[in-house]
Amino acid sequence: MVCLLRNLPPTVLPPITSFDTLPSSSDLSEGAHIARIKYYKNILVSHSKDGQLADSDFITIWSDLEMAIHGLGNQQDVKDAADAKSKVLDYEAVKRLMNLDEIFYRRIELEAGNIQQNRKRLNDLAHELDGQRTKVLKLETTVDNIETERSSDWMTIKLRRWKTDEESFVETRGSNHVMDCIRSNKCVSVVGSSELARLVWFNTLH
């Protein structure tokens, strides 16, 4: 906070004793109020070893902080400070605070347990997905093999049918001429019935 106030406009001028030491009680500038808050924050929060404070020290520190809060003019902070000063922390109040902490930590533990369960479930689903993916790949391979076998069987059946048709084929001068052309040329175009062209093609395979 002090770093921002030092560098961002409008900048707050530091007190005579700087922002790093406790200013004099007679210094009522904004920089002095900020330095007081920073100083006590470091003593009570950042560098406190046991969290304990003597009553006389508490009265002095509270007076300084109250003066700083009033001096900075934030009315909500002034109200909160007055409310905190009159707050009675009896045994029941402390107990309620402790119960709230316990409920909070139990909730955290419950959420952590749910996260672990969800993570395990995700891992199980990932393994199951891998297994299903493997099954799909095997199924695709099987289908490809079946289609290949069917294609081969279809061609075999068709060749057999053509061979059967050839047995009833009657040679003519035209068919003999076509066969002679095929034997002596690399490419021949035959114009005629589909049966003639098919049987000529079949004969060239033998």
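What counts, and where the lines are drawn
Residues numbered from 1 in each chain as written. Predicted model: local features only at pLDDT ≥ 70, side-chain atom pairs only at ≥ 80, totals over all residues. Heavy atoms only, no water. Helix = DSSP H or I, 4+ residues; strand = E, 2+ residues; numbered from the N terminus. Buried < 20%, exposed > 50% of the residue type's maximum accessible area, 1.4 Å probe, protein only. Contact = heavy atoms within 4.5 Å. Areas by Shrake-Rupley, 256 points an atom, 1.4 Å probe, with all protein chains shown as cover. Patch = residues over 30% accessible without salt bridge, like charges linked within 9 Å, V, L, I, M, F, W, Y side chains within 5 Å. Salt bridge = Lys/Arg side-chain N within 4 Å of Asp/Glu carboxyl O. Lys, Arg positive; Asp, Glu negative; His and termini not counted. Phe/Tyr/Trp six-rings, centres within 6.5 Å; stacked < 30°, edge-to-face > 60°. pLDDT = per-residue confidence, 0-100.

### Here's the deal with the overall build of the chain
Stage number 1. Counting its secondary structure elements, the chain contains seven helices and zero strands.
Stage number 2. Counting over 206 residues, the chain shows a buried share of 13%.
Stage number 3. The long-range share in the chain, meaning contacts at least 24 apart out of those at least 6 apart in sequence, stands at 40%.
Stage number 4. As displayed, the chain offers around 16,900 Å² of accessible surface, 57% of which is attributable to carbon and sulfur atoms.

### Observations regarding a nonpolar patch on the surface
Stage number 1. Where nonpolar side chains cluster on the molecular surface, the patch consists of I43, L44, V45, L53, F58 and I59 and spans about 540 Å² of accessible area.
Stage number 2. The set of elements that each furnish at least two residues to the nonpolar patch consists of α2 (30–46) and α3 (55–72).
Stage number 3. The dominant element in the nonpolar patch, judged by the number of residues it contributes, is α2, at three residues.
Stage number 4. Tracing the sequence through the fold places I43 in helix α2.
Stage number 5. For I43, a relative accessible area of 36% translates into the label partly exposed.

### Thoughts on the side chain of D64
Stage number 1. Inspection of the secondary structure puts D64 in helix α3.
Stage number 2. Despite being buried, D64 has no salt bridge partner; R36 is the closest side chain of opposite charge, sitting 5.0 Å away.
Stage number 3. Beyond its immediate stretch of four places on either side in the chain, D64 contacts R36 and Y40.

### Some words on the pattern of salt bridges
Oppositely charged side chains can pair when the atoms bearing their charge come close.
Stage number 1. Summed over the entire model, instances satisfying the criterion amount to four salt bridges.
Stage number 2. Across the pair K120 and D124 runs a salt bridge whose closest N-O atoms are separated by 3.2 Å. On the criterion of helical spacing, the pair formed by K120 and D124 is a turn pair, its members being four residues apart in helix α5 (residues 91–167).
Stage number 3. Since its relative accessible area comes to 38%, D124 is described here as partly exposed.
Stage number 4. One salt bridge connects D180 with R183, and the closest N-O pair in it is separated by 3.4 Å. Residue D180 and its partner R183 are both found in helix α6 (residues 173–184); the two are separated by three residues, about one turn of the helix.
Stage number 5. A relative accessible area of 46% places D180 in the partly exposed class.
Stage number 6. On the basis of relative accessible area, R183 is assigned to the exposed category, the value being 62%.

### Regarding the packing of aromatic side chains
Stage number 1. Throughout the structure, instances matching the rule amount to two aromatic pairs.
Stage number 2. Between Y39 and Y40, the aromatic rings sit 5.4 Å apart at their centres with planes inclined by 75°, giving edge-to-face as the arrangement.
Stage number 3. Residue class for Y39 comes out partly exposed when judged on its relative accessible area of 29%.
Stage number 4. Ring geometry for F58 versus W62: centroids 5.6 Å apart, planes at 35°, classification tilted. In this pair, F58 and W62 both sit in helix α3, four residues apart, roughly one turn of the helix.

### Some thoughts on the confidence of the model for the chain
The predicted coordinates should not be examined in detail at positions where pLDDT is low.
Stage number 1. In this model, the chain carries a mean pLDDT of 76, and residues with pLDDT of at least 70 account for 76%.
Stage number 2. No element of the chain has a lower mean pLDDT than helix α7 (residues 194–204), which averages 52, and none a higher one than α3, which averages 85.

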